[in-house]
Amino acid sequence: PGLPFIASGLGLGSVTPDGYDAVIESVVDHARRLQQQGASAISLMGTSLSFYRGAAFNTALTEAMREATGLPCTTMSSAVLNGLRALGLRRVALATAYIDDVNERLAAFLGEEGFVATGCRSLGITGVEAMARVGTDTLVDLCLRAFEAAPDSDGILLSCGGLLTLDAIPEVERRLGVPVVSSSPAGFWDAVRLAGGGVQAAPGYGRLFGVS
């Protein structure tokens, strides 16, 4: 409450490496625009957009935004990493919206950062608008299938910032008894922490929103 958000849209055309390549060079310019509009912290709200070239690129991109704006900066990929660490997760089952190529890049990125992707179930979607049309029941089923395939996992990473996951997270956690970290909620959780807004517990939206 009381923390305003502003946005500058990248216009991502497709959730594929070709789609990312088409917009990635404009990220720093968008960060500058947000700084000029009064932002006090900046997050690149795109998970696959920030992990698809690997961990070193995610770090370099964050540093480029920081150097260009003089502000604290982060990415959604860093946010999910911070969320996984905050909940003590290392072995994670992946439930994603992505095609196989992007899933493989996600698993490699997690491996570089010290996590183990125990398995993956995905929706194989590339259309940006299609992500928001995926219903809660579909997301819950996706997570259940991902965990069923790798029951020794510490928890689940539900990856893609375009998915609307707030209702799915608590339902999956209730059914399985393990934490779920999801891109968009983790992105905002991380951004609020970065901006110094003070994260307040939000009961009913999953375990991560109980971590200050």
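Since the structure is predicted, the reported quantities are computational estimates derived from the model, not experimental observations.

Calculation criteria
Residues numbered from 1 in each chain as written. Predicted model: local features only at pLDDT ≥ 70, side-chain atom pairs only at ≥ 80, totals over all residues. Heavy atoms only, no water. Pairing = 2+ DSSP bridges. Helix = DSSP H or I, 4+ residues; strand = E, 2+ residues; numbered from the N terminus. Axes fitted to C-alpha atoms, helices over the stretch in contact; angles between N-to-C directions. Phe/Tyr/Trp six-rings, centres within 6.5 Å; stacked < 30°, edge-to-face > 60°. Lys NZ or Arg CZ within 6 Å of the ring centre and 35° of its normal. Buried < 20%, exposed > 50% of the residue type's maximum accessible area, 1.4 Å probe, protein only. Polar contact = N/O pair within 3.5 Å; in protein donor to acceptor, adjacent residues only side chain to side chain. Contact = heavy atoms within 4.5 Å. Salt bridge = Lys/Arg side-chain N within 4 Å of Asp/Glu carboxyl O. Expected span 1.5 Å × (residues − 1).

Novice: Before we go on, may I ask you to explain the sheet that holds strand E3 (residues 91-96) in this structure?
Specialist: A sheet is described by the order of its strands in space; here four strands give the open sequence E4-E3-E5-E6, paired in parallel fashion. Looking along the sheet, the strands with just one partner apiece sit at the ends: strand E4 (116-122) and strand E6 (180-182). When strand polarity is set aside, the average angle formed by the axes of neighbouring strands in this sheet is 25 degrees. Where E3 lies against strand E5 (residues 155-159), five bridges are found, and the strand directions are parallel.

Novice: Got a minute to help me understand the packing of aromatic side chains in this structure?
Specialist: In the structure shown here, the tally under the stated rule is five aromatic pairs. Ring centres of Tyr 52 and Phe 57 lie 6.5 Å apart, and the angle between their planes is 75 degrees; on these two criteria the pair is classed as edge-to-face. Following the ring pairs from residue to residue traces out a cluster consisting of Tyr 20, Tyr 52 and Phe 57. Directly above the aromatic system of Phe 57 lies the positively charged group of Arg 53, at a separation of 5.0 Å from the ring centroid.

Novice: Any chance you could explain the side chain of Ser 153 here in plain terms?
Specialist: In this structure, Ser 153 sits in the loop between helix H8 (136-149) and E5. Residue classification places Ser 153 among the buried residues on the basis of a relative accessible area of 6%. A distance of 2.6 Å separates the side chain of Ser 153 from the backbone oxygen of Ala 150, its partner in a polar contact. For Ser 153, the residues in contact, after removing those within four places along its chain, are Arg 91, Val 92, Ala 93, Thr 118 and Phe 147.

Novice: How should unusual backbone geometry be read in this particular structure?
Specialist: What you tend to see is this: most non-glycine residues have negative phi, and most peptide bonds are trans. Of note in the backbone geometry, Cys 160 takes a positive phi value of approximately 150 degrees without being a glycine. When you line up the elements, Cys 160 lands in the loop between E5 and helix H9 (168-176).

Novice: Just to check I follow, could you spell out the pattern of salt bridges for this structure?
Specialist: Pairs can form between side chains of opposite charge whenever their charged atoms are close. Within this structure, the stated rule accounts for nine salt bridges. With its nearest N and O atoms 2.7 Å apart, the salt bridge here joins Arg 32 to Asp 29. Taken together, the residues span about one helical turn, with Arg 32 and Asp 29 both in helix H2 (residues 27-36) at a distance of three residues. Take Arg 32: its relative accessible area is 36%, and that puts it in the partly exposed class. Overall, the relative accessible area of 41% leaves Asp 29 in the partly exposed class. Where Glu 171 meets Arg 174, a salt bridge forms, and the shortest distance between an N and an O atom there is 2.7 Å. With a gap of three residues between them, Glu 171 and Arg 174 both fall in helix H9, about one helical turn apart.

Novice: Could you clarify how one ought to interpret helix H10 (residues 183-195) in this entry?
Specialist: Since the α-helix turns once every 3.6 residues, residues separated by three or four places project in the same direction. Taking 1.5 Å as the rise per residue, H10 with 13 residues should run 18 Å; its terminal C-alpha atoms sit 18 Å apart, in good agreement. All buried positions along H10 are accounted for by Ser 183, Ser 184, Pro 185, Ala 186, Gly 187, Trp 189, Asp 190, Ala 191 and Val 192. Just beyond H10, the residue with positive phi is Gly 196, at close to 75 degrees.

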